[in-house]
Amino acid sequence: METLVPKFVHRALIFQRSLVFHRRFHVPFAQTYSHLRVVGSSRPISTCASSARSVQYAEPEGKEQGLHVDAEFHLYNTMTRNKERFQPLVAGKVGMYVCGVTPYDYCHIGHARVYVSFDVLYRYLMHLGFKVKYVRNFTDVDDKIIARASKQGEDPVALSARFCNEFHVDMEALQCLPATVEPRVTTHMSSIIKMIEQIMENGYGYVLENGDVYFSVDKYAEKHPTYGCLAGRDFDENRAGERVAIDERKRNPADFALWKSAKKGEPAWESPWGLGRPGWHIECSAMSAEHLGPCFDIHGGGMDLIFPHHENEIAQSCAACSESRVSYWMHNGFVTIDAEKMSKSLGNFFTIREVLEKYHPMSLRLFLIGTHYRSPINYSNYQLEKASDRAYYIFQTLEDCAHCLSSNADAGSPMSSEDNACIEKLQSSFQYSMADDLLTPAVIAALSEPLRIMNDLLHTKQGRKNKSRLAYLKALQAEINQILEVLGLLPRSLPQVLEELRFKALCRSNLSNEDVDIQIKKRAEARAAKDYDRSDKIRDTLASQGIAVMDTPQGTTWRPCIPTNMSD
Ligand SMILES: [Zn+2]
């Protein structure tokens, strides 16, 4: 996950470059890929040996089969630099592979962004009625794992197993649904070796004296002028722009390892080339083919994976099986701190655990999807405070609504046409925004008006007089809940999440519930003594600590707020 080529990644996104590239090879994109596009709804029959295990898809819960949208779903495809209408290879089913983590430490919030982004996609596809097979791997053998394990005197396999478990803990906290399959390198060695053998048989690999096996980029590019298309890179530039130390044993500096011969003390597996372990890229080619077949719908990951990981994955998959094809390549943007990418290798990162010590997981999730998945997102405490405040408002409104509905048995009058229009507006805004390449910030913004109406109906004199109030509240509640479910923001228990949000706010301000109660009591005493300067000062001090005091007919209470002395 950490391999970084920022300069190239930046360049990769400049569309003009890919045009230049295609002009040079006289292969425009439309021509290059049109012959590969699968027309109709049947999955192409593969002649490749790496046939998929029987593909199991997740059933969408409580949904009828088939699509039920007004807006057609469009996804941005990194390969074509265009938003394209989503058409699965097999009608009603989606195969999706997302590159997973290398488990040698706790995940940082850059990882959280990847898996929350693809969790929203997963949930949305199921909401549309698709059966989805979501494959997300663990790179559980890697240089970083071996280095960390040896530094800590721990067995590398045990270390990676431990951090696979920690990854699951983080994912559960963030309400990311479990993937359908989580293949690990250590349990897929035979399919990896088999794929390397196919690559060798087809003439795209070579073996060094020590048993290292390399992929020959020259051999591949000779027959596949599309090499470099995903990253929008010129093949010649690959050579000239190589930033890694030149390894004289390689035929081309851009060649990459398919198999690494064993070094002393490292975990190793038997292979036709001797004891060793796989290179990084080959695992995803092999495991995606094993679980989804050579052709599948969506392949995703962070944008730092576009080059070299995904570009080389395409090369390996096509070198092993000429029919290999991914329909949509999706990449999410970075999390930045002061406009620099957050990553372990740069040392400017926060782990998910560190953030969750201070902020609720739903606040972090709301913060992450408050920006479109392809845009960069800048992390700051202020932004997390804003997201926490918003989360509290959404959940408090829903809790008040649930309380009101449960304590009123009489349904009242049916909704007016005006009420219906508001519900329809929310529905269509959700459908069109999500269908437009998962425009989650627009969906979140579209919740503002319905939530305001809900609060009016619940708490204002005029709202309470509305005859269709209960029917309207019920309809608003159902719509908002469904949207939150697709965004992965529907809590298991509203009272519990509100309590947890209050608890996090107290932790951030270094106050206890008792401390706040004492201040509220002192403020009441000051007010009783008509010492308003003092009572205001108490209120303002609490507000600067993120505690908003509220006077209600039932007495004085408090809720978390953005600390008044904080700015972005
Ligand atoms: Zn991968």
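Residues numbered from 1 in each chain as written. Predicted model: local features only at pLDDT ≥ 70, side-chain atom pairs only at ≥ 80, totals over all residues. Heavy atoms only, no water.

- The chain is annotated in an unreviewed UniProt entry as cysteine--tRNA ligase from Ceratopteris richardii.
- According to the UniProt record, the Sequence similarities (unreviewed entry) comment for the chain is "Belongs to the class-I aminoacyl-tRNA synthetase family." (UniProt positions renumbered as here; feature names shortened; annotations may be inferred.)

## Notes on the packing of helix 4 (residues 109-127) against helix 13 (residues 361-369)
Packed helices, taken two at a time, are described by their axes: the angle between them and the distance between them.
Stage number 1. Where helix 4 contacts helix 13, the two axes come as close as 10 Å, and the packing angle between them is 75°. What the angle tells us is that helix 4 and helix 13 run roughly perpendicular. On the side of helix 4, the interface is formed by Ile 109, Ala 112, Arg 113, Val 116, Asp 119, Val 120 and Arg 123, while helix 13 contributes Leu 364, Arg 365, Leu 368 and Ile 369.
Stage number 2. In terms of residue class, the contact of helix 4 with helix 13 is built from 7 nonpolar, no polar and 4 charged. (Axes fitted to C-alpha atoms, helices over the stretch in contact; angles between N-to-C directions. Helix = DSSP H or I, 4+ residues; strand = E, 2+ residues; numbered from the N terminus. Parallel < 35°, antiparallel > 145°, perpendicular 65-115°, else oblique. Contact = heavy atoms within 4.5 Å. Nonpolar A, V, L, I, M, F, W, Y, C, P; charged D, E, K, R; others polar.)

## Digging into the sheet that holds strand 10 (residues 325-332)
Stage number 1. Pairing within the open sheet is parallel, and its 4 strands lie in the order 4-3-9-10. A single partner strand is all that each edge strand has here, and the edge strands are strand 4 (131-136) and strand 10. Along the sheet, successive strands turn relative to each other by an average axial angle of 25°, direction set aside.
Stage number 2. Relative to strand 4, strand 3 (residues 93-98) runs parallel, the two being bridged by 6 bridges. (Pairing = 2+ DSSP bridges.)

## What to know about the packing of aromatic side chains
Stage number 1. For the structure shown, the criterion picks out 17 aromatic pairs.
Stage number 2. Aromatic side chains Phe 73 and Tyr 124 sit 5.0 Å apart centroid to centroid with 85° between the ring planes, which places their arrangement in the edge-to-face category. In this pair, Phe 73 is assigned in the loop between helix 3 (29-34) and strand 1 (74-77) and Tyr 124 in helix 4, connecting sequence segments 51 residues apart.
Stage number 3. The buried category is assigned to Phe 73, whose relative accessible area is 5%.
Stage number 4. Ring centres 6.0 Å apart and planes at 50° place the aromatic pair Trp 259 and Trp 273 in the tilted group. Within this pair, whereas Trp 259 is found in strand 7 (residues 256-261), its partner Trp 273 is found in the loop between strand 7 and strand 8 (276-278), the two being separated by 14 residues in sequence. (Phe/Tyr/Trp six-rings, centres within 6.5 Å; stacked < 30°, edge-to-face > 60°. Buried < 20%, exposed > 50% of the residue type's maximum accessible area, 1.4 Å probe, protein only.)

## So, the pairing of strand 15 (residues 555-560)
Stage number 1. Across 6 bridges, strand 14 (residues 547-552) lies against strand 15 in antiparallel orientation. Counterpart to Val 549 in the pairing with strand 15 is Trp 558.
Stage number 2. Hairpin remark: strand 14 followed by strand 15, antiparallel, with 2 residues in the connecting loop.

## Description of the environment of Trp 269
Stage number 1. Counting through the fold element by element, Trp 269 comes out in the loop between strand 7 and strand 8.
Stage number 2. A sequence separation of 80 residues divides Trp 269 from Met 189, and the C-alpha atoms of the two residues are 7.8 Å apart.
Stage number 3. Ignoring any residue separated from it by four or fewer positions in sequence, one finds Trp 269 in contact with Val 141, Thr 186, Met 189, Trp 259, Gly 274, Leu 275, Gly 276 and Arg 277.

## Description of unusual backbone geometry
Stage number 1. Along the chain, Phe 307 connects to Pro 308 via a cis peptide bond; the corresponding omega equals 0°.
Stage number 2. Considering the arrangement of structural elements, one finds Pro 308 in helix 11 (residues 306-320).
Stage number 3. A positive phi angle, close to 60°, is found at Asn 510, a residue other than glycine.
Stage number 4. Tracing the chain through its elements places Asn 510 in the loop between helix 20 (494-509) and helix 21 (513-528).

## Details of the pattern of salt bridges
Stage number 1. Scanning the entire structure with this criterion turns up 24 salt bridges.
Stage number 2. Among the ionic pairs, Glu 72 bridges to Arg 85, the shortest N-O distance being 3.6 Å. With a gap of 13 residues between them, Glu 72 in the loop between helix 3 and strand 1 and Arg 85 in strand 2 (residues 82-85) connect regions that are remote in the sequence.
Stage number 3. Glu 72 sits in the partly exposed class, given a relative accessible area of 47%.
Stage number 4. The closest approach of N and O atoms between Lys 260 and Asp 143, which form a salt bridge, is 3.4 Å. (Salt bridge = Lys/Arg side-chain N within 4 Å of Asp/Glu carboxyl O.)

## Side note on the side chain of Asp 170
Stage number 1. Here Asp 170 is to be found in helix 6 (residues 156-173).
Stage number 2. Under the relative-accessibility criterion, Asp 170 is labelled buried at 1%.
Stage number 3. With sequence-adjacent residues up to four places away left out, Asp 170 is seen in contact with Cys 107, Ile 352 and Arg 353.

## What to know about helix 7 (residues 189-201)
Stage number 1. In a regular helix each residue adds 1.5 Å, so 13 residues correspond to 18 Å; helix 7 covers 18 Å between its end C-alpha atoms and thus fits that length.
Stage number 2. Where helix 7 is concerned, the buried positions are Met 189, Ser 191, Ile 192, Ile 193, Met 195, Ile 196, Gln 198 and Ile 199.
Stage number 3. Residues of helix 7 that are buried in the fold lie against strand 5 (205-207), strand 6 (213-215), strand 7, strand 8, helix 10 (280-292) and helix 11. (Expected span 1.5 Å × (residues − 1).)

## Side note on the environment of Ala 91
Stage number 1. One can find Ala 91 in the loop between strand 2 and strand 3.
Stage number 2. For the pair Ala 91 and Phe 130, spaced 39 residues apart in sequence, the C-alpha separation works out to 8.5 Å.

## Remarks on the sheet that holds strand 6
Stage number 1. Pairing is antiparallel in the open sheet, where 4 strands are placed in the order 5-6-7-8. Single-partner strands in this sheet number two, and they are strand 5 and strand 8. Neighbouring strand axes in the sheet, compared pairwise and without regard to direction, differ in orientation by 20° on average.
Stage number 2. Relative to strand 8, strand 7 runs antiparallel, the two sharing 3 bridges.

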